[in-house]
Amino acid sequence: MAFWNRKRTEIRAEPEVNLKESDPDTAAALIRSMLGGDDMTKEKALEIPSVCECIDYIAGTVASLPIRLYQRKDDRVREVSDDWRVRLLNQDTGDTLTARQFWRSILRDYYLGKGGYAYIHMENGMVRSLHYVEENRISFQTNNDPIFKDYNILCNGRSYYPFEWFKLLRNTPDGMRGKSIVEQNGCQLSVGYYTLKYENSLVKKGGNKKGFLQSTKHLSTDAMKALRSAFHKLYSTNEENVVVLNDGITFKESSNTSVEMQLEENKKLNDSEIRKVFGLDGDEKTRLRTIINLLSDIECSLNRDLLREDEKKDRYFSFDTKELTRGNIKDRFEAYSIALKSNFLQVDEVRRMEDWEPLGIDWVTLGLDSVLFDPKTKQIYTPNTNQTATMAGRQMMKGGDENEGRTES
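Residues numbered from 1 in each chain as written. Predicted model: local features only at pLDDT ≥ 70, side-chain atom pairs only at ≥ 80, totals over all residues. Heavy atoms only, no water.

A.B. asks: Is there a simple way to think about the sheet that holds strand S5 (residues 126-133) in this case?
C.D. replies: Hydrogen bonding along the main chain pairs the strands of a sheet, whether they run parallel or antiparallel. Spatial ordering of the open sheet is given by S5-S4-S9, a layout of three strands whose pairing is antiparallel. Looking at which strands have only one partner, the edges of the open sheet turn out to be S5 and strand S9 (165-168). Strand-to-strand, the axes of this sheet are offset by a mean angle of 25°, without reference to chain direction. Here four bridges tie strand S4 (residues 116-123) to S9, and the two strands are oriented antiparallel to one another. Residue pairing in the sheet places Tyr-117 in a bridge with Lys-167 of S9. The sheet strands contacting helix H10 (residues 284-306) are S4, S5 and S9, and the helix crosses S9 at an angle near 160°. (Pairing = 2+ DSSP bridges. Helix = DSSP H or I, 4+ residues; strand = E, 2+ residues; numbered from the N terminus. Axes fitted to C-alpha atoms, helices over the stretch in contact; angles between N-to-C directions. Contact = heavy atoms within 4.5 Å.)

Structure below.
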């Protein structure tokens, strides 16, 4: 039975409040709102400086790397530089966004939303433009089959096939939508968010502590109103206000100061934990590994969504990571040098690793002092003396004289 004849359940991006709603995300959000619980959102997460810093660093790094299209033919790799899709991904998307703005928007939704989505505009079977769409404008219509998963994408009242969209999804279980850090690490983000809000509240109130008044005698209505007005003015402005307490009235503190709460230390710890969420809490190698893993995910999505079926067998998109590793190019080339001198890599193999066209050099460099052993034929060849010997067990027979039976121990 064709997929389009299967029964589908529509999943809206902004579902109505309904206790019978089948979407678990909606039910969870509804329960949180009924219980008065906190709900971390993308907008709140973007108010946290360390979140913005991490996203800007990752998105800026990815957007600065050129994307190449390569073709593999007869064990050779060549760059396809005249393809229109390369221009769309690197310069002008054909939409109102530039390529750099496109990738920044895609990656922001990748980390903070259900994924990065862009409509692929086709004309005569060719990709003509890429149109970024905010993830909250996307919803799905699925067949609800846990094995043969399939779906349609709904946007602006229209239904689209999945292959009409570029999709970059984080930790996706179904290929439709991913799981954001807001969903997976909401508790950690809430700590950072409310720490920031608390600090903001302290600044607005001039650092005054919260507390309550205790009186040994009954206060009149006018006296209570005067005290409320004085304390309201004290906490609502940064002016040098003074509250005078009558005899028998004392102020009891009910909160700690920022110093007592070790607010500065907690902020540093929260920033470190948030950077761990993004994989950026570490040395340069750790951050580089995080970027490389993300680039691999993007390349897989590009190959799936922007290549025709007949192109997928020999073409692929790849980021030019030379810009990313420009600071480590010396280390990389030194590693190639060791590999070439040790004869476990050939020149053309190194060139393929750098996505350079091979030169047709299929031999390795050998020194005259080398001794070569072929494990299949058990033969040993010494280039310096141009002699061949055969190894049989622990005995070695010199080549060049079949009648000589002398052995060496």
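Resuming the write-up.
A.B. asks: Any chance you could explain the pattern of salt bridges here in plain terms?
C.D. replies: Side chains that differ in charge, positive against negative, can pair when their charged atoms come close. For the structure shown, the criterion picks out 16 salt bridges. The salt bridge partner of Glu-79 is Arg-68, with a shortest N-O separation of 4.0 Å. Here the residue Glu-79 occupies a position in strand S3 (residues 76-79), and Arg-68 occupies one in strand S2 (residues 67-73), the gap between them amounting to 11 residues. Three or more residues are tied together by salt bridges with common partners; here these are Asp-83, Arg-85, Arg-308, Asp-310, Glu-311 and Arg-315. (Salt bridge = Lys/Arg side-chain N within 4 Å of Asp/Glu carboxyl O.)

A.B. asks: Would you mind showing me how to read a nonpolar patch on the surface here?
C.D. replies: A contiguous nonpolar surface patch, about 260 Å² in accessible area, is contributed by Ile-329, Phe-333 and Trp-356. Here Trp-356 is to be found in the loop between helix H12 (347-353) and strand S13 (372-374). Since its relative accessible area comes to 33%, Trp-356 is described here as partly exposed. (Patch = residues over 30% accessible without salt bridge, like charges linked within 9 Å, V, L, I, M, F, W, Y side chains within 5 Å. Areas by Shrake-Rupley, 256 points an atom, 1.4 Å probe, with all protein chains shown as cover. Buried < 20%, exposed > 50% of the residue type's maximum accessible area, 1.4 Å probe, protein only.)

A.B. asks: I would appreciate a short explanation of the packing of helix H3 (residues 49-63) against helix H5 (residues 99-112) in the present structure.
C.D. replies: Each pair of packed helices can be described by the angle between their axes along with the distance between the axes. Where H3 contacts H5, the axes come no closer than 9 Å and their chain directions differ by 135°. The angle between the axes of H3 and H5 places the two elements in the oblique class. Between H3 and H5 lies a crossing whose hand is right-handed. Facing H3, whose interface residues are Val-51, Ile-55, Asp-56, Ile-58, Ala-59, Gly-60, Val-62 and Ala-63, H5 presents Arg-100, Trp-103, Arg-104, Leu-107, Arg-108, Tyr-111 and Leu-112. Residue composition of the contact of H3 with H5, grouped by class: 10 nonpolar, one polar and four charged. (Parallel < 35°, antiparallel > 145°, perpendicular 65-115°, else oblique. Left-handed = near helix turned anticlockwise from the far one by under 90°. Nonpolar A, V, L, I, M, F, W, Y, C, P; charged D, E, K, R; others polar.)

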